[in-house]
Amino acid sequence: MTRPGGTWQNWGRSARVRPQSVEFPASADAVQRSVQAALARGRRIKAVGAGHSFTGIAIAPDVLLDLTDLSGLVSIDHERRRVTLRAGTRLHQIPGLLAPHGLAMQNLGDIDRQTIAGAISTGTHGTGAAFGGISTQIVGVTLVTGTGDILRVSDTENADLLPAVALGLGALGILVDVTVQCVPAFVLEATERPEPLLDVLDTLDDRVASTDHFEYYWFPHTDVALTKSNTRLPESAVRKPLPTVGKWVDETLLANGVYRAVCGVGARVPAVVPPFSRLAVKLTGNRDYTDRSNRVFTQSRTVRFREMEYALPAAAVRPAFDEMRALIRARGWRISFPVEVRFAAADDRWLSTAHDRDSGYIAVHRYWREDPTEYFTAVEQIMLAHGGRPHWGKMHTLDVEQLRERYPRFDDFVSLRDRLDPRRAFQNTYLERVLGA
């Protein structure tokens, strides 16, 4: 189905476009026809999922493919615990598709609104020093290339391309399905605590190494870290989920409802931010529960924000974090959103932010009605000085020359792009900046 182009904008309201047309393919053949038609007319074509990237990576200047109808389970290999999903399947839909088969995704990020194709194409990740980002769980993809052909890549077909196409930025083709290496379903025992920030920083390496999934949040203007430690348990473990009312109070009323109001006021009256932040760390982050993995990994986030996140060598997290704290204090900024710190294992994906190095991630946010430029620009300089690589789906200022020196396989990726999209059918302004013309 094709519709005239209206205005499309992302969730964070940091990117928007009015494409010439919007199409809703429901099959691989339909995607292929759309790409071939765009090529014939000399138009550029892009697929969009949930719009949860903060950059312009999904901006479609000519033809926008909305993958909403390209969703659901294609097939399942019980013996190898692999499932093939259509590219537009949302992450929050996947647990329901896997549960009847006793399977789960190995790791998830803390937001599950994205499509599986969008998540892997931008390098979405969770936390856990022994676990890679979501793209490392991908063992096969089918995509329509910039020549209009359908290409299958897996560990047995065109296997040498898998480390590139499993995190392809939307530059190599339009994904129509992905095959995920799953694990037996499991539960997580969650411990969330407010703790003295300096104690957490002084013991950070031990916490990361000894916990399956460790992360912490820090509200600027406080000396408290909200720690989250998740331990993996077999599916047979006794579940002790959060009480319905208590969860609603914590996650809907406080974390979203009250917080939205405070952010709105703080954008106009910055002086309210520090006292609210000190109150927030007293009211939240102190609970224990055990539940299915996806219910612990993910949270509901309805307060709009904009985000920048950098991956650093794991050993650089502490010094970079300390410099950032000092910067916020010195500049006198009033920052209402917490800083999030997570960790991931090294992997082999060519454009992964964790390529070939164990990594820590520092993410900074601002309420969507506030201008993040000054804050993000200054923090970015600290991250770059510590060898940082920017998350592809989050705001940053780097260009092709700066990025090339940070990725050993960067030129290999660009060469593959020349081969799979020689006419730059999938090009847009963002990709031109980060990969070159």
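Located above this text is the structure these notes cover.
In short, a report on the structure. The structure presented is a predicted model; accordingly, all values stated were derived computationally and were not measured.

Procedures and definitions
Residues numbered from 1 in each chain as written. Predicted model: local features only at pLDDT ≥ 70, side-chain atom pairs only at ≥ 80, totals over all residues. Heavy atoms only, no water. Phe/Tyr/Trp six-rings, centres within 6.5 Å; stacked < 30°, edge-to-face > 60°. Helix = DSSP H or I, 4+ residues; strand = E, 2+ residues; numbered from the N terminus. Buried < 20%, exposed > 50% of the residue type's maximum accessible area, 1.4 Å probe, protein only. Lys NZ or Arg CZ within 6 Å of the ring centre and 35° of its normal. Core = buried A, V, L, I, M, F, W, Y, C linked by side-chain atoms within 4.5 Å. Contact = heavy atoms within 4.5 Å. Polar contact = N/O pair within 3.5 Å; in protein donor to acceptor, adjacent residues only side chain to side chain. Pairing = 2+ DSSP bridges. Axes fitted to C-alpha atoms, helices over the stretch in contact; angles between N-to-C directions.

### Let's talk about the packing of aromatic side chains
Here is step 1: Per the counting criterion, the structure on display carries eleven aromatic pairs.
Here is step 2: Taking 6.5 Å as the distance between ring centres and 45 degrees as the angle between the ring planes, the aromatic pair formed by Phe214 and Tyr216 counts as tilted.
Here is step 3: Between the aromatic rings of Tyr216 and Phe321, the centroid separation amounts to 5.5 Å while the plane-to-plane angle is 75 degrees, which identifies the pairing as edge-to-face. Of this pair, Tyr216 sits in strand β15 (residues 213-218) while Phe321 sits in helix α10 (residues 317-331), and the two are 105 residues apart along the sequence. Taken as a pair, Tyr216 and Phe321 share a single burial class, namely buried.
Here is step 4: Here the aromatic residues Trp11, Phe54, Phe305 and Phe337 are joined through ring pairs into a cluster of three or more.
Here is step 5: The ring of Tyr407 has Arg389 lying over it, and the distance from NZ or CZ to the ring centre is 5.0 Å.

### Considering the nonpolar core
Here is step 1: Of all hydrophobic cores here, the largest spans 105 residues; its most connected members are Tyr216, Phe321, Met324 and Ile362.
Here is step 2: Looking at this core, the element that brings in the most residues is helix α11 (residues 373-385), giving seven residues.
Here is step 3: Not counting residues up to four positions away in its chain, the partners in contact with Met324 are Trp218, Val339, Ile362, Val364, Val379, Ile382 and Met383.
Here is step 4: Counting residues in hydrophobic clusters, the runner-up holds 17 residues, among them Trp11, Tyr217, Val224 and Phe305.

### Digging into the side chain of Asn10
Here is step 1: As for its position among the elements, Asn10 is in the loop between β2 (8-9) and β3 (16-17).
Here is step 2: For Asn10, a relative accessible area of 0% translates into the label buried.
Here is step 3: One polar contact links the side chain of Asn10 to the main-chain amide nitrogen of Ser14, over a distance of 2.8 Å.
Here is step 4: Excluding its chain neighbours within four sequence positions, the residues that come into contact with Asn10 are Ala15, Gly51, Ser53, Phe54 and Thr55.

### Points about the sheet that holds strand β14 (residues 186-196)
Here is step 1: In spatial order, the strands read β17-β14-β16-β15-β19-β20-β18-β21; together these eight strands make up an open sheet with antiparallel pairing. Whereas interior strands pair on both sides, the edge strands pair on one side only; in this sheet they are β17 (287-292) and β21 (389-390).
Here is step 2: For strand β18 (residues 305-313) and β21, the ladder comprises two bridges, and the chain directions are antiparallel. Each residue of the ladder has a partner; that of Ala311, found in β21, is Arg389.
Here is step 3: Strands in contact with α11 are β18, β19 (339-344) and β20 (359-367); relative to β18, the strand with the most contacts, it is inclined by about 10 degrees.

### Some details on the sheet that holds strand β12 (residues 174-181)
Here is step 1: Taken together, the five strands give an open sheet; going across it, the order is β7-β8-β12-β10-β11, and neighbouring strands pair in antiparallel fashion. Among the strands making up the open sheet, the edge pair consists of β7 (73-77) and β11 (150-154). Direction aside, neighbouring strands of the sheet carry axes that sit 15 degrees apart on average.
Here is step 2: The sheet contact formed by β7 and strand β8 (residues 82-86) spans four bridges and is antiparallel.

### What about the side chain of Asp177?
Here is step 1: Along the chain, Asp177 turns up in strand β12.
Here is step 2: Of the residues examined, Asp177 reaches a relative accessible area of 14% and is grouped as buried.
Here is step 3: Among the polar contacts listed, one links the side chain of Asp177 to the side chain of Thr142, at a separation of 2.9 Å.
Here is step 4: Only 3.2 Å separates the side chain of Asp177 from the side chain of Arg152, close enough to count as a polar contact.
Here is step 5: The contact partners of Asp177, leaving out residues within four places of it in the chain, are Thr84, Leu85, Arg86, Ala87, Val141, Thr142 and Arg152.

### What about the pairing of β20?
Here is step 1: Burial within β20 is extensive, with nine of its nine residues counted as buried.
Here is step 2: By the alternation rule, side chains of β20 split into Ser359, Tyr361, Ala363, His365 and Tyr367 and Gly360, Ile362, Val364 and Arg366, which are all buried.
Here is step 3: Inspection of the sheet shows β18 paired to β20 by nine bridges, in the antiparallel sense. Residue pairing across strands places Ala311 opposite Tyr361, the latter belonging to β20.
Here is step 4: With five bridges joining them, β19 and β20 adopt antiparallel strand pairing. What sits directly across from Glu340, in β20, is Ala363.

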